[in-house]
Amino acid sequence: MNKFVLVLFLLLNFTIPNLNANTLSLTSANVTIYYEHLCSDSVRFIVNQLQPCYEKLKDYIHVKFVPFGKAESINNGESFECQHGPDECTGNMVQSCALDYLKDPEQQMRFVTCHMKFGRKDLLGRNCCEQIGLDYTIIDECLNKNTCGRELQLQAEIETKKVSPNYVPTIVLNKKFDFEQSRKLEFNFCDKIKELTKNKI
């Protein structure tokens, strides 16, 4: 075996042993979801499109949840008005509190998916906290015993207004908002993510 063949053999077998077809064809994507807790379209997207795809592609997608949607703050967060009423404002704030505390992306996905599924049946997120092992007192304190929940929702409002979505959910890929792309992602998320991110590494 000459030196060239030996070097090539070593490179192929030891330098990149973990590369496979998926690794070579797919680079990571940053996905930001602007949504609201009781919106049926948001629920459908997160439960039926986003979460199942995340299970397959979690090594390649980084998801940021922004639970606010078409809400509005009153008197700098003294209260909020939401498209689907006061319960939605509470649900949005619960998710802001949970997302702020949970740093692990998989736990964030599990909590949001659970909370969206339950809707008003678990408005405060007690059951979902139990499912992922999160102490509910953390949520309770964020909602009721300090201003954290309101501050998080004000921040979500600022982030949402940068995009100014006229439709919820709005899905932004790699921080570039494109309405047509958002709609395609909403209804065919997994295939579209693969299509948009392949062959770019």
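Predicted model only: the values in this text are computed from it and were never measured.

(A) Quick look at the sheet that holds strand E2 (residues 61-67). Read across the sheet, 3 strands follow the order E2-E1-E5 without closing on themselves; strand pairing throughout is mixed. Among the strands making up the open sheet, the edge pair consists of E2 and strand E5 (170-173). Each strand of the sheet is rotated relative to its neighbour by a mean of 20 degrees, with strand direction disregarded. Both strand E1 (residues 29-35) and E5 contribute to a ladder of 4 bridges, which runs antiparallel. In the sheet register, Ile33 faces E5, and the bridge partner there is Ile171. The strands that helix H4 (residues 86-101) touches are E1 and E2; relative to E2, the one it contacts most, it runs at about 140 degrees.

(B) Representation of the packing of H4 against helix H8 (residues 148-163). Two elements in contact, H4 and H8, have axes whose closest approach is 9 Å; the angle formed by their N-to-C orientations is 95 degrees. In terms of orientation, H4 lies roughly perpendicular with respect to H8. Touching Asn92, Met93, Ser96, Cys97 and Asp100 of H4 are Cys148, Gly149, Arg150, Leu152 and Gln153, all from H8. Here the residues of the contact of H4 with H8 are counted per class, giving 4 nonpolar, 4 polar and 2 charged.

(C) A look at the pattern of salt bridges. Per the counting criterion, the structure on display carries 10 salt bridges. The partner of Lys192 in a salt bridge is Glu195, with the nearest N and O atoms 3.1 Å apart. Of the two residues, Lys192 and Glu195 are both situated in helix H10 (residues 189-197); the distance of 3 residues between them amounts to about one turn of the helix. Relative accessible area serves as the criterion here: at 14%, Lys192 is assigned to the buried category. Residues joined by salt bridges that share partners form a network here, namely Asp41, Arg44, Arg183 and Glu186.

(D) Quick look at the pairing of E2. Of all 7 residues in E2, 5 are buried; the element is thus mostly enclosed. Examined bridge by bridge, E1 and E2 share 7 bridges and lie parallel to one another. The residue bridging Asn30 from the neighbouring strand is His62, located in E2. What joins E1 to E2 is helix H3 (residues 40-57), and the crossover it makes is right-handed.

(E) Highlighting the state of the cysteines. Summed over all chains, the structure comprises 4 disulfides. With its sulfur 2.1 Å from that of its partner, Cys82 forms a disulfide with Cys89. Looking down the S-S bond of the Cys82 and Cys89 bridge, the torsion is 120 degrees, so its handedness is right-handed. Listing the disulfide partners of the protein by sequence rank of the bonded cysteines yields 1-8, 2-3, 4-7, 5-6. Free of any disulfide, Cys129 has its nearest cysteine sulfur in Cys128, 7.3 Å distant. Given the relative accessible area of 1%, Cys129 is considered buried. As a non-bridged cysteine, Cys148 has Cys142 as the owner of its nearest cysteine sulfur, 3.6 Å distant.

Calculation rules
Residues numbered from 1 in each chain as written. Predicted model: local features only at pLDDT ≥ 70, side-chain atom pairs only at ≥ 80, totals over all residues. Heavy atoms only, no water. Pairing = 2+ DSSP bridges. Helix = DSSP H or I, 4+ residues; strand = E, 2+ residues; numbered from the N terminus. Axes fitted to C-alpha atoms, helices over the stretch in contact; angles between N-to-C directions. Contact = heavy atoms within 4.5 Å. Parallel < 35°, antiparallel > 145°, perpendicular 65-115°, else oblique. Nonpolar A, V, L, I, M, F, W, Y, C, P; charged D, E, K, R; others polar. Salt bridge = Lys/Arg side-chain N within 4 Å of Asp/Glu carboxyl O. Buried < 20%, exposed > 50% of the residue type's maximum accessible area, 1.4 Å probe, protein only. Right-handed = clockwise from strand over helix to strand, strands pointing away. Disulfide = S-S within 2.5 Å.

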